[in-house]
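Chains, contacts and geometry: an overview
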Amino acid sequence: MLVISSREFREKQAEYMDRADNGEQIIVQRGKNKAYAITPVTDDDLYFTPAMLNRIKQSIEQVRDGKEITVKTNNELKDFLNSL
C-alpha cells in the first residue's frame, strides 16, 4: 500500500492511476483526518450496464410510440410471459 499526499497526487495523478490499474493500493492523505483510496472502476461496479441502459431507452421509445403492453390479471401476465 502506498500513502501519498493530495499535493503529490495532483502533481503525478496519471502515474498513480496507472499504478492503481496495475493492482497497487493507493491512499491519498488529505489533511490530518481524511484519506481516499484510488481504485479503478470496473464493469462490475456499475449498476447500469450499457446493455441495460440500451434496453431502458428502447422501452421508453416503445411507450412514446404507444407500443406498450398492458396486463391487468395474473393470467394475462402469464400469457404474456409465455409468449416471449
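This text goes with the structure placed above it.
Here's what I pulled together on the structure shown here. (Residues numbered from 1 in each chain as written. Predicted model: local features only at pLDDT ≥ 70, side-chain atom pairs only at ≥ 80, totals over all residues. Heavy atoms only, no water.)

1. Some thoughts on the packing of aromatic side chains
The final tally for this structure, using the stated rule, is one aromatic pair. Relative to F48, the ring of Y47 lies with its centre 4.6 Å away and its plane at 85 degrees, an arrangement referred to as edge-to-face. Take Y47: its relative accessible area is 67%, and that puts it in the exposed class. A relative accessible area of 40% means that F48 is categorised as partly exposed. (Phe/Tyr/Trp six-rings, centres within 6.5 Å; stacked < 30°, edge-to-face > 60°. Buried < 20%, exposed > 50% of the residue type's maximum accessible area, 1.4 Å probe, protein only.)

2. A short note on the nonpolar core
The biggest cluster of nonpolar side chains holds six residues, and these are I4, F9, Y16, A20, I26 and V28. For this core, the secondary structure elements donating two or more residues are α2 (13–21) and β2 (26–30). (Core = buried A, V, L, I, M, F, W, Y, C linked by side-chain atoms within 4.5 Å. Helix = DSSP H or I, 4+ residues; strand = E, 2+ residues; numbered from the N terminus.)

3. Focus on the sheet that holds strand β1 (residues 2–5)
Pairing is mixed in the open sheet, where three strands are placed in the order β1-β2-β3. The strands lining the two open edges of the sheet, one partner per strand, are β1 and β3 (34–38). Between one strand and the next, the sheet's axes are offset by a mean angle of 30 degrees, whatever the strand orientation. (Pairing = 2+ DSSP bridges. Axes fitted to C-alpha atoms, helices over the stretch in contact; angles between N-to-C directions.)

4. Here we look at the environment of K72
In this structure, K72 sits in the loop between α3 (50–64) and α4 (74–83). The spacing of K72 and E15 is 57 residues in sequence and 58 Å in space, taken between C-alpha atoms.

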